[in-house]
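The residues making up each chain are set out below.
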Amino acid sequence: MAHTVLVCDDAIFMRTMITDILTQAGYEVVGEAETGAQAVEKYRQLKPDLVTMDIVMPDMGGIEAVREICKKNPEARILMCSAMGQQALVVEAIQAGAKDFVVKPFQPSRVLEAVQRVLG
Amino acid sequence: MDLDRYTALFLSDSRDHLQRCNALLLAWERAPGSDEPVAELFRAFHSIKGSSSALGLTPIAELANAGEQVLSAIREGSLSPSPEVLDGLFRAVDGLADGVEAVATRASLSADRGLLDALEGLAPLPLEHTGELPTHERRLVERQRVSTTVVRPPGRQVRVELERLDSLLNDVGELVVARNRLAAIADQDIGSDLERVSSRISGLVGGLQTGVLRARMAPVDEVFNRFPRIVRDLARSLGKEIRLDVLGAEIELDRSVLDGLSDPLTHLIRNAADHGLETPAERVAAGKTREGTIRLRAERAREGVIVTLADDGRGIDRAEVQRRGVERGLLDPGAGLPDAAALLRLLSHPGFTTRHAVSEVSGRGVGIDAVLTRVRSLGGRMELKTAPGRGTTFIMHLPVTRAIVRALIVGVGPERYAIPFAVLAEAAVHDGEEAEVSLRGEPLVTVDLRATLGLSGEARRRRPAVVLEFGGRRTALVVDRLLGQQDVVVEQFAAPVGLPAWVGGVTIMPDGAPALILDPAGLF
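Quick summary incoming for the structure in this document. Since this is a predicted model, take the numbers as computed values, not measurements.

Each value, and the rule that gives it
Residues numbered from 1 in each chain as written. Chains lettered and ligands numbered in written order. Predicted model: local features only at pLDDT ≥ 70, side-chain atom pairs only at ≥ 80, totals over all residues. Helix = DSSP H or I, 4+ residues; strand = E, 2+ residues; numbered from the N terminus. Core = buried A, V, L, I, M, F, W, Y, C linked by C-beta atoms within 7 Å. Buried ≥ 20, exposed ≤ 12 C-beta atoms within 10 Å, placed from the backbone. Axes fitted to C-alpha atoms, helices over the stretch in contact; angles between N-to-C directions. Parallel < 35°, antiparallel > 145°, perpendicular 65-115°, else oblique. Left-handed = near helix turned anticlockwise from the far one by under 90°. Contact = placed C-beta atoms within 7 Å. Pairing = 2+ DSSP bridges. Nonpolar A, V, L, I, M, F, W, Y, C, P; charged D, E, K, R; others polar.

Moving on to the overall build of chain A. For chain A, the count of helices and strands is five helices and five strands. Counting from the amino terminus, chain A carries its helices and strands in the arrangement β-α-β-α-β-α-β-α-β-α.

Counting residues in each nonpolar core, the largest one holds 74 residues, and the members touching the most others are A:Val51, A:Met53, A:Ile78, A:Leu79, A:Met80 and B:Leu96. No other element matches helix α3 (residues 58–76) of chain B, which puts eight residues into this core. If you look at the next biggest cluster of nonpolar residues, it comprises 41 residues, including B:Leu234, B:Leu309, B:Met382 and B:Phe394.

All names here are of chain B. As a packed pair, helix α13 (residues 318–327) and helix α14 (residues 340–347) sit with axes 11 Å apart at the nearest point and diverge in direction by 55°. The angle between α13 and α14 falls in the class oblique. Here α13 and α14 pass one another in a crossing that is left-handed. On the side of α13, the interface is formed by Arg318, Val321 and Gly325, while α14 contributes Leu343, Leu346 and Leu347.

All names here are of chain B. Position of proline 81 relative to the elements: it lies in the loop between α3 and α4 (83–104). Taking the C-alpha atoms as reference points, proline 81 and valine 70, eleven residues apart in sequence, are found 9.4 Å from one another. Residues contacting proline 81, with those up to four places away along its chain left out, are Trp28, Pro32, Ile74 and Leu86.

Quick look at the environment of B:Arg461 now. Residues and elements named next belong to chain B. Turning to its location among the elements, arginine 461 is positioned in the loop between α16 (449–453) and β14 (462–470). For arginine 461, a count of 9 C-beta atoms within 10 Å puts it in the exposed group. Arginine 461 sits 31 residues away from histidine 430 along the chain, and the two C-alpha atoms are 8.1 Å apart.

So, about the sheet that holds strand β13 (residues 445–448) of chain B. All names here are of chain B. The sheet built from four strands is open, its strands ordered β10-β14-β15-β13 with mixed pairing. Each of the sheet's edge strands pairs with one partner strand only, and the pair in question is β10 (424–431) and β13. Each strand of the sheet is rotated relative to its neighbour by a mean of 30°, with strand direction disregarded. Across six bridges, β14 lies against strand β15 (residues 473–478) in antiparallel orientation. The residue of β15 that forms the bridge with alanine 465 is valine 478.

Residue and element names in this part refer to chain A. Read across the sheet, five strands follow the order β2-β1-β3-β4-β5 without closing on themselves; strand pairing throughout is parallel. Edge positions in the open sheet fall to β2 (28–33) and β5 (100–103), since each of these has one partner strand only. Strand-to-strand twist in this sheet, taken as the mean axis angle between neighbours without regard to direction, amounts to 20°. Sheet strands touched by helix α3 (residues 62–72): β1 (4–8), β3 (50–54) and β4 (78–82). Its angle to β3, the strand with the most contacts, is close to 150°. The strands touched by helix α5 (residues 108–119) within the sheet are β3, β4 and β5, with β5 carrying the most contacts at an inclination of about 175°.

Residue and element names in this part refer to chain B. Across the interface, α4 lies against helix α5 (residues 113–122) with an axial gap of 10 Å and an inter-helix angle of 145°. For the crossing formed where α4 meets α5, the hand is left-handed. Of the residues in α5, those touching α4 at Val85, Gly88, Arg91, Ala92 and Gly95 are Leu115, Ala118, Leu119 and Leu122. Looking at the contact of α4 with α5 residue by residue, the class counts come to six nonpolar, two polar and one charged.

Quick look at the structure:
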């Protein structure tokens, strides 16, 4: 069965791009979230195998969302999507429980590599 | 990768962001103490940076990044939002908008070095281009954590290309014509299976038509929201103080009507700011507030929407317009001062004021013909009100959609004509003895359509007349026959030179014959 993924990003552009990359590689994108708060709620509902998480989002940032999700689901597998220049935040996200990160702009091969690493 | 699809997403997303940035910057400029807008502005720049770099649009990404740095510095407290800084951000938004539109038109992109340098002068980029900017971004995240912003639950929406809705609407238009034809045939056999099926189809087509038209509706705010920025820039460059009040931004219009409204409104707003409103010194001398007001308002009306643009400036000098009109041979020297309708006719005469210094007549003539032509091509009409020293108001009556209108079909001689319901008040009878149609004892300004069309031959003595209401007055139009009401599909056509002013459009009747749609403003 295909692995399920929740895609979290406030930009529809990025959500579309990530969804396309993952879908073409055979993953099943089961949900999308535009804010950190939505990400937490959708994770609870959907229990996906993997979450891709943007860092800068309205309402609740991505790092806080990672913290919330991992508090209740230590086994959650979250891949951070960061822009260039956010290295320090990536470190913070990984401390909060994220498993790995990719840097935008995305190259499909890099994204898929990271996804495979996270799903182990 | 499906690049076109991403580009379309990038364009619509970025335009939304930039429009929002303008609104946020304007609010910020009015209340510079608040740092509320910073987080949202930052996200907008950040999002554009991300998607533009994903598409390899480096000049846009660079500019977004430079703007992001400025916002970070403000957030960090190392830069204060001075007028100079806000100007820089306004310019960044403009630069990004230029870039986005260049992508839309497939023009070549180039980096605006001057602008980048100016922004970097405000907030230097970190030493390494991709280096650390952790502190301020972390703070941004921290702030978001404690913020209690209530986010509107997103309604499930899809973005649809307007062309697809256009083609859907075209098909529905054809379907409406075919349905009307079918109904005309079926009605010859009342009670038959054919008539029953036809009536069922009529109901379904009606529902489909309503649904498609509703899908095309957009709030006028999508056009109005660019005006605060335009007015601000105009006020600055003209050295005037101008307030723009916007009312009814939530009122909805068909996308095509709305898009068509953008240019004429921009034009009228420029005119109002430039020529209608006085300088602060002139206003004070005239006993007015220093700040002039432009009021833009949309409201629902019977069968349509009224958009009003009013300024509280000096008004139009009727005597001057009259003098100019006589000079150009457009007015009889003996005629009195032009009334509002005559004024609009004179001002919209192509090139009426271009030969002279425009300010003498508030420059109202410049481009008014273009505005009027556009409003008419949208199926609307325009009125003008002006009072010396008190200001000028343009009133645009617009159809909610220009594709399908409900109309009364009338017959004159061998031809049929459609009169839009929007202007109909009631029906009356014209007794040939009298020159005018009287309604409850009150004589109305009356036009006989036979005379307008130049038809010869004796008409019956008693004939039907329709009472029309527009421009705040009632008039009567005498015809030969009233043939009933119908939804008519307005066909797009290129108006030939010399087309009479009373022709508002053309439609196809259920039997396949064309019929003209009347524009009553051109009849009286």
